[in-house]
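# What the coordinates show
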Amino acid sequence: MSAPDTLADRLAATRARIGAAAAEAGRDPAELRTIVVTKFHPASLVRELYSLGVRDVGESRHQEAQQKSDELAELDLSWHFVGQLQTNKARQALSYARVIHSVDRPSLVEALAAAEQIGRHKPVDVFLQLNLTDDPGRGGVDAAGLESLAETVVMAEGLRLLGVMAVAPLGEEPRAAFARVRAASERVRAIEPAARFISAGMSGDFREAILEGATHLRIGSAITGNRPVRP
Ligand SMILES: *Cc1c(COP(=O)(O)O)cnc(C)c1O
């Protein structure tokens, strides 16, 4: 069996694998949303994805995301911001992003809420990014800060808490890491029952994420092919 080698092939193959994982988990594939992460790829690739039916795309760097979303403004795409977001870029990110997956500190919540009040996008959907490592530099809130951050978002004007987001750390079995994400999701739901979504699962581990309840998959290279060298 040869590897699929066009964008359409890879998208179809990935969708089939997602369907198989959902079946394995006993879940309805309709409850899974796939965000195609297009970082480092040109706007032309996003346009091609659009022609293949993709509507949710993810980016991790503000400037690049802003440029691509400007270039593709006529397409009804939902842009998801999945990378670390500087507080002083929060307002600009809301000019294109419909969902911010990487909220990890109260200062960012405040910046988003303040920007939202003067912006046009409301409400803004956010995930709390969990840091599953012991390294505070990795981004994400640690377990001890999770509940209070959730409360900060719930109280903030114009923000809607969707749930939790995480990247499985290297060196840990992804399924075990995603089980911890599921437990964190339950803690957040105790505060905000509507925040039932889980953004987890990348090209190498989306099956394990689906088995642990992920609802929003962030898949890049399995669909896009290898990323070009970082511009
Ligand atoms: C790049 C990236 C992804 C997608 O990674 P792949 O391994 O290419 O699927 C998902 N989430 C985040 C936060 C990313 O930065």
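Anything mentioned here points back to the structure above.
Okay, so let's go over this structure. (Residues numbered from 1 in each chain as written. Predicted model: local features only at pLDDT ≥ 70, side-chain atom pairs only at ≥ 80, totals over all residues. Heavy atoms only, no water.)

## A word on the site of the ligand
Taken together, the neighbourhood of the ligand is formed by Val37, Lys39, Val82, Met165, Met202, Ser203, Arg218, Ile219, Gly220, Ser221 and Arg227. Contact distances for the ligand include 2.5 Å between an oxygen atom and a side-chain N or O atom of Ser203. Contact between the ligand and Arg218: a nitrogen atom at 2.9 Å from a side-chain N or O atom of the residue. In the complex, the protein chains occlude 88% of the 390 Å² of accessible area that the ligand would expose alone. Of the residues in the shell around the ligand, the class split is five nonpolar, three polar and three charged. (Near = heavy atom within 4 Å. Polar contact = N/O pair within 3.5 Å; in protein donor to acceptor, adjacent residues only side chain to side chain. Areas by Shrake-Rupley, 256 points an atom, 1.4 Å probe, with all protein chains shown as cover. Nonpolar A, V, L, I, M, F, W, Y, C, P; charged D, E, K, R; others polar.)

## Description of the pattern of salt bridges
Tallied over the entire structure, the rule returns 15 salt bridges. One salt bridge in this structure joins Glu24 and Arg207, with 2.7 Å as the shortest N-O distance. Taken together, the residues span a long stretch of sequence, with Glu24 in helix H1 (residues 7-25) and Arg207 in helix H8 (residues 206-211) at a distance of 183 residues. Since its relative accessible area comes to 47%, Glu24 is described here as partly exposed. Two residues, Lys68 and Glu59, come together in a salt bridge whose shortest N-O distance is 2.8 Å. Here the salt bridges share partners, and the residues they tie into one network are Glu59, Arg61, Glu64 and Lys68. (Salt bridge = Lys/Arg side-chain N within 4 Å of Asp/Glu carboxyl O. Helix = DSSP H or I, 4+ residues; strand = E, 2+ residues; numbered from the N terminus. Buried < 20%, exposed > 50% of the residue type's maximum accessible area, 1.4 Å probe, protein only.)

## A word on the nonpolar core
One finds Ile100, Val103, Leu112, Val126, Leu128 and Leu130 to be the most contacted residues of the largest nonpolar core, which totals 66 residues. Tallying contributions element by element places helix H5 (residues 106-118) first for this core, with six residues. Leaving out residues up to four positions away in the same chain, Ile100 has contacts with Phe81, Leu85, Leu94, Leu112, Val124, Asp125, Val126 and Phe127. (Core = buried A, V, L, I, M, F, W, Y, C linked by side-chain atoms within 4.5 Å. Contact = heavy atoms within 4.5 Å.)

## Details of helix H7 (residues 174-191)
In a regular helix each residue adds 1.5 Å, so 18 residues correspond to 26 Å; H7 covers 26 Å between its end C-alpha atoms and thus fits that length. For H7, every residue scored as buried is listed here: Pro174, Ala177, Phe178, Val181, Ala184, Ser185 and Val188. Projection of H7 onto a plane perpendicular to its axis shows the buried side chains occupying an angular sector of 110 degrees, all on one side. (Expected span 1.5 Å × (residues − 1). Arc of directions from axis to C-beta.)

## Observations regarding the side chain of His101
Among the secondary structure elements, His101 is positioned in strand S4 (residues 97-103). Of note is the side chain of His101, whose polar atom sits 2.8 Å from the side chain of His80.

## Here's the deal with the pairing of strand S1 (residues 33-37)
Here S1 pairs with strand S8 (residues 216-219) via four bridges, running parallel. Within S8, the residue paired with Thr34 across the bridge is Leu217. Where S1 meets strand S2 (residues 56-59), two bridges bridge the pair, whose relative direction is parallel. Paired with Val36 across the two strands is Val57, which belongs to S2. Each parallel crossover has a hand, and the one from S1 via helix H2 (residues 43-51) to S2 is right-handed. (Pairing = 2+ DSSP bridges. Right-handed = clockwise from strand over helix to strand, strands pointing away.)

## With respect to the packing of helix H6 (residues 146-155) against H7
The packing of two helices is summarised by the inter-axis angle and the distance between the axes. One way to put it is that H6 packs onto H7 with a least axis distance of 10 Å and a crossing angle of 45 degrees. Taken as axis vectors, H6 and H7 run oblique relative to one another. The interaxial crossing formed by H6 with H7 has right-handed handedness. Counting all contacts with H6, which are made through Leu146, Glu147, Ala150, Glu151 and Val154, the residues of H7 involved are Ala184, Arg187, Val188 and Ile191. Here the contact of H6 with H7 is built from residues that sort into six nonpolar, no polar and three charged. (Axes fitted to C-alpha atoms, helices over the stretch in contact; angles between N-to-C directions. Parallel < 35°, antiparallel > 145°, perpendicular 65-115°, else oblique. Left-handed = near helix turned anticlockwise from the far one by under 90°.)

## Some words on the packing of aromatic side chains
Here the structure, examined in full by the defined rule, presents zero aromatic pairs. Sitting over the face of the ring of Tyr50, Arg55 holds its NZ or CZ atom 3.6 Å from the ring centroid. (Phe/Tyr/Trp six-rings, centres within 6.5 Å; stacked < 30°, edge-to-face > 60°. Lys NZ or Arg CZ within 6 Å of the ring centre and 35° of its normal.)

## Examining unusual backbone geometry
Even without being a glycine, Phe40 presents a positive backbone phi close to 75 degrees. Mapped onto the fold, Phe40 is located in the loop between S1 and H2.

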